[in-house]
Structure formats: structure tokens, C-alpha cells
Amino acid sequence: GAVVSQHPSRVICKSGTSVKIECRSLDFQATTMFWYRQFPKQSLMLMATSNEGSKATYEQGVEKDKFLINHASLTLSTLTVTSAHPEDSSFYICSARETGTEAFFGQGTRLTVV
Amino acid sequence: AQSVSQHNHHVILSEAASLELGCNYSYGGTVNLFWYVQYPGQHLQLLLKYFSGDPLVKGIKGFEAEFIKSKFSFNLRKPSVQWSDTAEYFCAVNPFGGEKLTFGTGTRLTIIP
């Protein structure tokens, strides 16, 4: 299947700083990318959907000014957690799909805010 | 909005045992259904999917799932599990023609050699 690469796999940052997570589709053009958040022993919760060249569509309850999503090209989307706080610590997962195909998932990023 | 329930949080089986993981969804319209697997340290991978047609769907690695519309269920089965099936399994649904996947909470499967 197609490959989605997420980087970094783990990151620790200080409270108040920002951290950027990258999601790349390596062998296909991702017209749509999705960002999820997963709490321990809970489901993947969709945070936002982004289409290349457009502003992301955020799910209800997700702060768009805190979780900045950029999908500037057909192979790259970034999620920036701004002014991170300990409650933002979580597992973040991206997925990407071409129009009409299934979504493929990245390996996830474990964010720890100290 | 749709929701997905996976009632088994952690299942422990011996090798060669049969497996059935439950998945129920709530949504009033037509849906697409998926089972994903996440092996330790790896990303989510698609096991199988149902869009339409035969409600018994066969996937990779000997897994199958049956869509029972009247029960809003899409249970995952495997007749004989292997140690390598140890993983987290997620059921997911999206409305027909839609993009957003709604996931269940996942079931951790541990196979004892």
C-alpha cells in the first residue's frame, strides 16, 4: 500500500513553546489529509481535515488558533501545536488519501509537554 | 453524527483459537465500514473494508468481517489466530460518500503462544 511518513515519532517540548509535526505522502498525491488525536485507551478523534491549497476544516471543539494546519502541497501537511501545555500531551496521527481511494496512516507522533 | 462501539477492550487468546471482535455503529444512513490493525510500534493498516455487495468481506491475513445491517454490526473474525496477530484492532465507519472516519475505541488482542 501507499506510504505516509510522519515526523517526528516522539517529541518532548517545554510548556509555552510550539512544536511542528510533519506528515508526508511518499508515493502518491494526497488531495486530502486528516489529523487525529488519540488519548490513552481511547479512540482516534478527528481534529481537522485539510485539502491541498485550502484552509483546514476543524472539528467542533478543536481550537484552530492552537492547532495550526498547513497543507501547502500535495505531499506535505503540517500540524503546529502553538503555546503547548501539558494537557496537549497526546498521540497525534495523520492520514492521507488521494481522491476516491482509501486513507493511509502515518505512524503517529507522541507529544509530551513538560 | 455517527458513533462506533467496540465492547471488547482487551482480548487474550491462545494460538489456534478462534477470534471474534465486536463492532456496532450508530448512523441512520448508508455507511462504509472498515477494520484497521495497529501492530506494536507500527502505523494503522487497513485489514478490510465494506462498501456494498456481499456482506461477508474477506481481508488480509485470513481475517473476515460480516456486515449485518439489521444489527448495525460489523464483527471481525478469524478462525485460527497466530501469535503475530497480537495488535490493536480498530473498527471505523464513514457515511457513504463522506470522508470522515469515526473510530471505535479499539480492542487490544494478545495471543499467547
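Above this text is the structure in question.
What you see is a predicted model; the values in this text were computed from it and never measured.

A.B. asks: I'd love a proper account of the sheet that holds strand 1 (residues 4-7) of chain A, names of residues and values included.
C.D. replies: Sheet strands associate in pairs through backbone hydrogen bonding, adopting either a parallel or an antiparallel arrangement. All names here are of chain A. The antiparallel open sheet is built from 4 strands, whose spatial order is 1-3-8-7. For this open sheet the edge positions go to strand 1 and strand 7 (67-73), each flanked by a neighbour on one side alone. Taken pair by pair, the neighbouring strands of this sheet meet at an average axis angle of 15°, ignoring direction. Where strand 3 (residues 19-25) meets strand 8 (residues 76-81), 6 bridges bridge the pair, whose relative direction is antiparallel. Bridging across to strand 8, Arg 24 finds its partner in Leu 76.

A.B. asks: Before we move on, could you go through the state of the cysteines and cite the residues and values that matter?
C.D. replies: Residue and element names in this part refer to chain B. Per the stated rule, a full pass over the model turns up 2 disulfides over all chains. Across a sulfur-sulfur distance of 1.9 Å, Cys 23 and Cys 91 are joined as a disulfide pair. Because the torsion about its S-S bond is -65°, the bridge between Cys 23 and Cys 91 counts as left-handed. Here Cys 23 is found in the loop between strand 3 (19-21) and strand 4 (24-26), whereas its partner Cys 91 is found in strand 10 (residues 87-95), with 68 residues between them in sequence. Here Cys 91 falls in the buried class, since its relative accessible area comes to 1%.

A.B. asks: Describe the environment of Ser 3 of chain B, listing the residues and the values that go with them.
C.D. replies: Residues and elements named next belong to chain B. Relative to the assigned elements, Ser 3 resides in strand 1 (residues 3-5). On the basis of relative accessible area, Ser 3 is assigned to the partly exposed category, the value being 35%. Through-space distance from the C-alpha of Ser 3 to that of Leu 47 is 20 Å; in sequence the pair is 44 residues apart. Apart from the residues lying within four places of it in its own chain, the contact partners of Ser 3 are Asn 24, Tyr 25, Ser 26 and Thr 102.

A.B. asks: Before we move on, could you go through the pattern of salt bridges and cite the residues and values that matter?
C.D. replies: Enumeration over the complete set of coordinates arrives at 9 salt bridges over all chains. Among the salt bridges present, the one from Glu 99 of chain B reaches Arg 97 of chain A, with a minimum N-O distance of 3.2 Å. Of this pair, Glu 99 of chain B sits in the loop between strand 10 and strand 11 (102-103) while Arg 97 of chain A is found in strand 9 (residues 90-97), placing the two residues in two different chains. The partly exposed category is assigned to Glu 99 of chain B, whose relative accessible area is 32%. In this structure, the salt-bridge partner of Arg 77 of chain B is Glu 66 of chain B, at a minimum N-O distance of 3.2 Å.

A.B. asks: Provide a residue-level description of the interface of chain A and chain B, including the pertinent values.
C.D. replies: A common way to express how large an interface is: the accessible area buried when the components associate. The interface of chain A with chain B comprises 18 residues on the first partner and 13 residues on the second. Applying the counting criterion to the chain A and chain B interface returns 3 salt bridges. We note a salt bridge from Lys 100 of chain B to Glu 59 of chain A, for which the minimum N-O separation is 3.0 Å. Applying the counting rule to chain A against chain B returns 6 residue pairs in polar contact (both at pLDDT 80 or more). Counting residues per element, the ones that place at least two in the side of chain A that touches chain B are strand 4 (32-38), strand 5 (44-51) and strand 9 of chain A. Residues belonging to the side of chain A that touches chain B are distributed by class as follows: 7 nonpolar, 8 polar and 3 charged.

A.B. asks: Run through the packing of aromatic side chains, naming residues and quoting values.
C.D. replies: With the rule as written, the count across this model stands at 14 aromatic pairs over all chains. Each ring, one from Phe 67 of chain A and one from Tyr 92 of chain A, has its centre 6.3 Å from the other, and the planes form 45°; the classification is tilted. With Phe 67 of chain A in strand 7 and Tyr 92 of chain A in strand 9, this pair connects stretches of sequence that are 25 residues apart. Residue Phe 67 of chain A shares its accessibility class with Tyr 92 of chain A, and that shared class is buried. One aromatic cluster is present, formed by Tyr 36 and Phe 105 of chain A together with Phe 34, Tyr 36, Phe 51, Phe 90 and Phe 103 of chain B through successive ring pairs.

A.B. asks: Account for the nonpolar core, naming residues and giving values.
C.D. replies: Grouped together as the largest cluster of nonpolar side chains are 28 residues, with contacts concentrated most on Leu 33, Trp 35, Leu 47, Leu 48, Phe 74, Leu 76 and Tyr 89 of chain B. Those elements giving two or more residues to this core turn out to be strand 2 (10-14), strand 3, strand 5 (31-38), strand 6 (45-50), strand 8 (64-68), strand 9 (73-78), strand 10 and strand 12 (107-112) of chain B. Sequence-distant contacts of Tyr 89 of chain B, that is, excluding residues within four places in its chain, are made with Gln 6, Leu 21, Trp 35, Tyr 36, Val 37, Leu 47, Phe 63, Leu 76, Gly 106, Thr 107 and Leu 109 of chain B. Residues Val 4, Val 19, Cys 23 and Leu 111 of chain A belong to the second largest nonpolar core, which totals 26 residues.

About the criteria used
Residues numbered from 1 in each chain as written. Chains lettered and ligands numbered in written order. Predicted model: local features only at pLDDT ≥ 70, side-chain atom pairs only at ≥ 80, totals over all residues. Heavy atoms only, no water. Pairing = 2+ DSSP bridges. Helix = DSSP H or I, 4+ residues; strand = E, 2+ residues; numbered from the N terminus. Axes fitted to C-alpha atoms, helices over the stretch in contact; angles between N-to-C directions. Disulfide = S-S within 2.5 Å. Buried < 20%, exposed > 50% of the residue type's maximum accessible area, 1.4 Å probe, protein only. Contact = heavy atoms within 4.5 Å. Salt bridge = Lys/Arg side-chain N within 4 Å of Asp/Glu carboxyl O. Polar contact = N/O pair within 3.5 Å; in protein donor to acceptor, adjacent residues only side chain to side chain. Nonpolar A, V, L, I, M, F, W, Y, C, P; charged D, E, K, R; others polar. Phe/Tyr/Trp six-rings, centres within 6.5 Å; stacked < 30°, edge-to-face > 60°. Core = buried A, V, L, I, M, F, W, Y, C linked by side-chain atoms within 4.5 Å.

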